[in-house]
Amino acid sequence: MSSRIPDTHAEAWALLPWLANGRIQASDREWVEAHVAGCEECRAEVASQRMMATAMHRGATPEAAATDEQRSFNRLWARIEASESASPANVAAEATRPATRYSRTVRWLAAAVVVQGFGLALFGFNAVREPPADGQIHTVTTVQPSRLNAPMVRVAFAPDASIATINTLLEHQGLSIVSGPGTAGNFTAELSADAVASGASANSVANVIAKDPNVTFAEPVAP
Amino acid sequence: MALKSVESQVPRAPGPGPDASERELLDRVAKARDQAAFRTLYGNYYQRLSRLLSRMSVRREDIEEVINDTFWVIWTKAGEFRGASQLSTWIIGIAYRRALNALRRAKIRPVSDEPFDEDSISVASTDDAETDGQWLSLGLSRLPVEQRMALELTYTLGHSCEEVAAILDCPVNTVKTRLFRARETLKQVLPSLAGMPGENS
């Protein structure tokens, strides 16, 4: 930090925007405030800059709707899934990295495998294709629904969620796992005809299960 | 106008955001490829980046592409962030460079191709805020993108001079100069800021 006290009008003038927005450096605040206190032109400029800040806030672009944000994220996530599923070597390499550094990833992958192995039997899973011979992981975007036009929900579970807990949660909402996990650990579940008949939708069910502590992510799958 | 009365009208600068909690989210993305953490981080920046890119003349329909390119980089490089700067500085800096590159490649059409219609400003408006907003849009449209960004980062996003320099990848003195020039230009088109109400109308 410089020991110089640059008590000049020009230097203070240049720093007034950050005096106005409250983010001026501590080392400058004292001398700039002292200068402004004795300088009518700088006081007027600070007032002017604060008005400008207010006008810029007021004139900011209207916020995008939450649905726009979710739709945008869904596109990004589909891109990530497609990229990662297209690079099986990368996925395999990640799984073989040191366990200390990637312990949570390994635990999650292990949990996902267990959930997939046991869960599919528990849920009467019958629509997922056989794993390909090349061992490539298929993402949720590549599977076929078991019932034509059935509302679908994409869901991820907490790594420590038990099979029984997941089973109860899904059963309660009329959901059946039809595919997964994707490379990010997502499953796709379809809504039963009974649940649809009673007024449930992919959106309403996703909203409900998203609040469950055993669920880390839930969203309706676009038809 | 009294300084105190003006101060009370100014919205509190949002600042760089809760860096510690966002660092935790980034760590979860880097180490556990945690989608929920990634989604939260995305939500924390979506509106901020939308506004910033809009000020950069990026068209509404192209903004999503730049935001998603930015978060693609964050997903793939999360483990490389070492905390040399604020996380918000890093993320906004990526978005700024992606947008600049996109504009340079002319993949994204600049809004400023469309001339601002000064006649569209209603001089008969009784709503001072609305009129000021229209003049502000006119003034901002006349600034080079670098000056517009310095203003936006300082006033709307509440960054310090040093953070703005890091985001725009330029020296601190350059940021001061850009803002100095931007202020002078805006005073020519914002009657109330220039202390000349009605002169331009």
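Since the structure is predicted, the reported quantities are computational estimates derived from the model, not experimental observations. (Residues numbered from 1 in each chain as written. Chains lettered and ligands numbered in written order. Predicted model: local features only at pLDDT ≥ 70, side-chain atom pairs only at ≥ 80, totals over all residues. Heavy atoms only, no water.)

**Student:** Can you tell me about the overall build of chain A, naming the residues and giving the values?
**Tutor:** Broken down by element type, chain A carries nine helices and four strands. In chain A, the succession of helices and strands from N to C terminus is α-α-α-α-α-α-β-α-β-β-α-α-β. Every one of the 223 residues in chain A was classed for burial, and the buried ones make up 42%. In the structure as shown, chain A presents an accessible area of about 11,600 Å², 55% of it carried by carbon and sulfur atoms. (Helix = DSSP H or I, 4+ residues; strand = E, 2+ residues; numbered from the N terminus. Buried < 20%, exposed > 50% of the residue type's maximum accessible area, 1.4 Å probe, protein only. Areas by Shrake-Rupley, 256 points an atom, 1.4 Å probe, with all protein chains shown as cover.)

**Student:** Would you mind going over the overall build of chain B in detail, with residue names and values included?
**Tutor:** A tally of regular secondary structure across chain B gives 10 helices and zero strands. N-terminal to C-terminal, the α/β element order of chain B is α-α-α-α-α-α-α-α-α-α. When the 201 residues of chain B are sorted by exposure, 52% land in the buried category. The long-range share in chain B, meaning contacts at least 24 apart out of those at least 6 apart in sequence, stands at 65%. Put simply, chain B shows about 9,200 Å² of open surface, and 47% of that area lies on carbon and sulfur atoms. (Contact = heavy atoms within 4.5 Å.)

**Student:** Tell me about the packing of helix 3 (residues 40–58) of chain A against helix 9 (residues 172–189) of chain B, residues and numbers included.
**Tutor:** Viewed as axis vectors pointing N to C, helix 3 of chain A and helix 9 of chain B meet at an angle of 80°, and their least axial separation amounts to 12 Å. As the angle between them shows, helix 3 of chain A and helix 9 of chain B are arranged roughly perpendicular. Note on element contacts: helix 9 of chain B touches helix 3 of chain A through Arg183(B), Leu186(B) and Lys187(B), opposite Glu45(A), Ser48(A), Gln49(A) and Met52(A). By residue class, the composition of the contact of helix 3 of chain A with helix 9 of chain B is two nonpolar, two polar and three charged. (Axes fitted to C-alpha atoms, helices over the stretch in contact; angles between N-to-C directions. Parallel < 35°, antiparallel > 145°, perpendicular 65-115°, else oblique. Nonpolar A, V, L, I, M, F, W, Y, C, P; charged D, E, K, R; others polar.)

**Student:** Mind laying out helix 2 (residues 19–32) of chain B, listing which residues take part and the relevant values?
**Tutor:** Residue pairs three or four apart in sequence face the same way in an α-helix, which turns once every 3.6 residues. Along its 14 residues, helix 2 of chain B runs 19 Å from first to last C-alpha, staying within 8% of the 20 Å computed at 1.5 Å per residue. Taken residue by residue, helix 2 of chain B has Asp19(B), Glu22(B), Leu25(B), Leu26(B), Val29(B), Ala30(B) and Ala32(B) as its buried positions. (Expected span 1.5 Å × (residues − 1).)

**Student:** Pulling in residues and values, what's your account of the pattern of salt bridges?
**Tutor:** Scanning the model with the defined rule gives 13 salt bridges over all chains in all. Put simply, Arg75(A) and Glu64(B) hold a salt bridge, and the shortest N to O gap is 2.6 Å. Of this pair, Arg75(A) sits in helix 4 (residues 66–85) while Glu64(B) is found in helix 4 (residues 60–77), placing the two residues in two different chains. You can call Arg75(A) partly exposed: its relative accessible area is 45%. A salt bridge links Arg154(A) to Glu219(A), with the shortest nitrogen-to-oxygen separation between them at 2.5 Å. Note that Arg154(A) is positioned in strand 1 (residues 152–157) and Glu219(A) in strand 4 (residues 215–220), a separation of 65 residues in sequence. (Salt bridge = Lys/Arg side-chain N within 4 Å of Asp/Glu carboxyl O.)

**Student:** Can you tell me about unusual backbone geometry, naming the residues and giving the values?
**Tutor:** Residue and element names in this part refer to chain B. Of note in the backbone geometry, Arg-33 takes a positive phi value of approximately 50° without being a glycine. Along the chain, Arg-33 turns up in the loop between helix 2 and helix 3 (35–55). One non-glycine residue, Asp-169, adopts positive backbone phi at about 55°. By secondary structure assignment, the location of Asp-169 is in the loop between helix 8 (161–168) and helix 9. Judged by its relative accessible area of 63%, Asp-169 is exposed.

**Student:** Can you lay out helix 3 of chain B for me, pointing to particular residues and giving the numbers?
**Tutor:** Residue and element names in this part refer to chain B. Look at helix 3: 29 Å from first C-alpha to last across 21 residues, which is about the 30 Å you get at 1.5 Å a residue. The sharpest bend along helix 3 measures roughly 35° and falls at Tyr-46. The N-cap residue of helix 3 is Asp-34: its side-chain oxygen and the backbone nitrogen of Ala-36 are 2.9 Å apart. Immediately downstream of helix 3, the backbone of Ser-57 shows phi near 75°, a positive value. (Bend = angle between axes of the 7 residues up to and from the residue. Polar contact = N/O pair within 3.5 Å; in protein donor to acceptor, adjacent residues only side chain to side chain.)

**Student:** Before we move on, could you go through the environment of Leu140(B) and cite the residues and values that matter?
**Tutor:** Following the sequence through the fold, Leu140(B) ends up in helix 6 (residues 128–141). Taking the C-alpha atoms as reference points, Leu140(B) and Met56(B), separated by 84 residues in sequence, lie 9.8 Å from one another. Those residues in contact with Leu140(B) that sit more than four places away from it in its chain are Met56(A), Arg55(B), Arg148(B), Leu151(B) and Leu186(B).

**Student:** Quick rundown of the side chain of Arg33(B)? Include the residues and the values.
**Tutor:** On the basis of relative accessible area, Arg33(B) is assigned to the buried category, the value being 18%. Reaching out from Arg33(B), the side chain makes a polar contact with the backbone oxygen of Trp75(B) at a distance of 2.9 Å.

**Student:** Kindly report on the confidence of the model for chain A, identifying the contributing residues and their values.
**Tutor:** Residue and element names in this part refer to chain A. Within chain A, residue pLDDT values average 71, and 59% of them lie at 70 or more. Here helix 6 (residues 103–122) is the element of chain A with the lowest mean pLDDT, 45, and helix 1 (residues 9–20) is the one with the highest, 93. Of the regions scoring below 50 in pLDDT, residues 94–111 engages in 19 contacts with residues more than four places distant in sequence or in other chains. (pLDDT = per-residue confidence, 0-100.)

**Student:** An account of the packing of helix 3 of chain A against helix 7 (residues 145–156) of chain B is needed here, citing residue identities and associated values.
**Tutor:** Remark: helix 3 of chain A packs on helix 7 of chain B, axes separated minimally by 9 Å, with the N-to-C direction vectors making an angle of 95°. Judged by the inter-axis angle, helix 3 of chain A sits roughly perpendicular to helix 7 of chain B. Across the interface between the two elements, Gln49(A), Met52(A), Ala53(A), Met56(A) and His57(A) of helix 3 of chain A pack against Leu151(B), Glu152(B), Tyr155(B) and Thr156(B) of helix 7 of chain B. Of the residues belonging to the contact of helix 3 of chain A with helix 7 of chain B, the class tally is five nonpolar, three polar and one charged.

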